[in-house]
Amino acid sequence: MASAIGGLSGPASGSSVASVGPEAETPSLFDDDAGGNANGDDPAVWVHPSDSRRSVVIATAKQGGLYVYDLDGRQVQHLAAPAAPGPDDEPGRFNNVDVTYGFGGRDLAIVSDRGRDTLRVYAVSGGRLTDVTDPAAPFVFNTTQEQVDDAETAYGLAAWKDATGTYALVSRRHRTSVALVRLLARPGGTIGYQRVRTLDLPASFTLPDGTSWTPCLEPGEQPQVEGMVVDQDKDVLYAAQEDVGIWRVRADLTGTPVLIDRVREYGVPGSYDPATDECTPGADPGYGGRHLAADAEGLTLYYREDGKGYLLASSQGDSTFAVYRREGSNAHLGQFRVGEDDGIDGVEHSDGSTVLNVPLGDFDEGLFVAHDGANAPADGDRENTNFKLTGWGDIAGELDLDVDTDGWDPRG
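Residues numbered from 1 in each chain as written. Predicted model: local features only at pLDDT ≥ 70, side-chain atom pairs only at ≥ 80, totals over all residues. Heavy atoms only, no water.

(A) Structural view of the sheet that holds strand β6 (residues 66-69). The sheet built from four strands is open, its strands ordered β4-β5-β6-β7 with antiparallel pairing. Edge strands, defined here as strands with exactly one partner in the open sheet, are β4 (43-46) and β7 (75-79). Neighbour-to-neighbour, the strand axes of this sheet turn through a mean angle of 20°, independent of strand direction. (Pairing = 2+ DSSP bridges. Helix = DSSP H or I, 4+ residues; strand = E, 2+ residues; numbered from the N terminus. Axes fitted to C-alpha atoms, helices over the stretch in contact; angles between N-to-C directions.)

(B) A look at the environment of glycine 220. Within the fold, glycine 220 resides in the loop between β17 (212-213) and β18 (225-231). Relative accessible area serves as the criterion here: at 59%, glycine 220 is assigned to the exposed category. Considered as a pair, glycine 220 and aspartate 394 are 174 residues apart in the sequence and their alpha carbons are 43 Å apart. (Buried < 20%, exposed > 50% of the residue type's maximum accessible area, 1.4 Å probe, protein only.)

(C) Representation of the pattern of salt bridges. Enumeration according to the criterion identifies 19 salt bridges in this entry. Of the charged contacts, one joins aspartate 306 and arginine 304 as a salt bridge, the two residues approaching to 2.6 Å between their closest N and O atoms. Given a relative accessible area of 47%, aspartate 306 falls into the partly exposed group. Taking the relative accessible area as the measure of exposure, arginine 304 reaches 13% and is therefore buried. One network of salt bridges, with partners in common, ties together Glu25, Asp345, Asp372 and Lys388. (Salt bridge = Lys/Arg side-chain N within 4 Å of Asp/Glu carboxyl O.)

(D) Just the nonpolar core, in detail. Residues Leu169, Leu237, Tyr238, Ile246, Tyr266 and Leu311 are the most contacted members of the largest nonpolar core, which totals 40 residues. With five residues, strand β19 (residues 236-241) is the single largest residue contributor to this core. With near-sequence residues (within four places) excluded, leucine 311 lies in contact with Val229, Tyr238, Ile246, Ile260, Leu299, Thr300, Leu301, Ala322, Val323, Tyr324, Arg325 and Arg326. Judged by nonpolar contacts, the second largest core, of 36 residues, contains Ala59, Val99, Val124 and Leu360. (Core = buried A, V, L, I, M, F, W, Y, C linked by side-chain atoms within 4.5 Å. Contact = heavy atoms within 4.5 Å.)

(E) Spatial organisation of the side chain of lysine 388. Note on placement: lysine 388 falls in strand β30 (residues 384-391). In this structure lysine 388 comes out as buried when scored by relative accessible area, which is 0%. Engagement of the side chain of lysine 388 in a polar contact is seen with the side chain of asparagine 375, the distance being 3.0 Å. Side chain to side chain, lysine 388 and asparagine 386 meet in a polar contact 2.7 Å long. (Polar contact = N/O pair within 3.5 Å; in protein donor to acceptor, adjacent residues only side chain to side chain.)

(F) The packing of aromatic side chains, seen in detail. All chains considered together, the criterion is met by 14 aromatic pairs. Ring centres of phenylalanine 205 and tryptophan 213 lie 5.9 Å apart, and the angle between their planes is 40°; this geometry places the pair in the tilted category. Taken as a pair, phenylalanine 205 and tryptophan 213 share a single burial class, namely buried. With a centroid separation of 4.3 Å and an interplanar angle of 20°, the aromatic rings of tyrosine 302 and tryptophan 392 are classed as stacked. Placement of the pair is tyrosine 302 in strand β24 (residues 296-303) and tryptophan 392 in helix α2 (residues 392-399), with a sequence separation of 90 residues. Just as tyrosine 302 is buried, tryptophan 392 falls in that class too. Pairwise contacts between aromatic rings join Phe205, Trp213, Trp247 and Tyr266 into one cluster. Positioned above the aromatic ring of tyrosine 266 is the side chain of arginine 262, whose terminal nitrogen or guanidinium carbon lies 5.7 Å from the ring centre. (Phe/Tyr/Trp six-rings, centres within 6.5 Å; stacked < 30°, edge-to-face > 60°. Lys NZ or Arg CZ within 6 Å of the ring centre and 35° of its normal.)

Listed below in structure tokens is the structure:
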């Protein structure tokens, strides 16, 4: 399917990248047998109802499951991913996580399990998580275990709550699909879900010169979505299609998606080399954006009291974060990176991130948490990831953005 592109933000000219330092980090996660095959990906923050100092960061580690950290970055809980249902099946592999409040009086962390094509649901109380997933919860995109083992599964995730219920927006790995899934109370205090509808974003695009372009990927793959966030006040979903850019669409997946920014590589032809498992790019026709280097990854929103605020996006290819206006046409406002400071290394190749405007313990002007895909110091050849905690006030000061600690109540 081809798509003409409109509503794009203008290119930056002569812009510089600000650098801010992290104030805390979590322990190293190692993606090998000795490290429990833990590979960090996506964080969320649960806000304690009465004592912000007891709020926690909840983070996915793929086959390593879920890790829970305090605001100093110390681990306080670990929950394993589910085992494989059979000897030839995939084990659980947690990809993305988000938090929602007040579902039947309980706060929940919702996780996409890409190994099992399911959602896992955890009740959060006092900063501790308890699995409350309905044992009969269905697959999100497939219908049989055989399909799950051979097909594309649940990948990115964002929670959404409105007057009609509590939902998760779930993307499908290696496909352009995003599904709207409604959470349902089940017997015994468990929580299940039901898919409501699915939206397929474009897989190919009509360029300004009239030619058609498809991002270069492995044969059979489509340009997938992972990073997503829902504007809870405006009922708008932002979805990062990794090799394309950022889309804006109604959270109920009705209406027409608008591409608000493109990756720099947009429109660049490429040829896939099976020997190297890489794409060789051709000549750049100059149709790409200026603020995102593929992959476009984690998205998160900073809320202001006046209904305005900021959309933040991980530009994974150059290890920076782009900042856009939350309102209007989502104009680009600036770029920053989380750099090395006071003995803590910076953030590189970030997947997921989250920001909150509310005061949280020592982060009295809000908190930004980002996955670091290349944590240091290195330990030989072991893949080393973790999460960095940075004060929002430092980011706002560098980019002349607002600090508004009254801007949003995450509990509604």
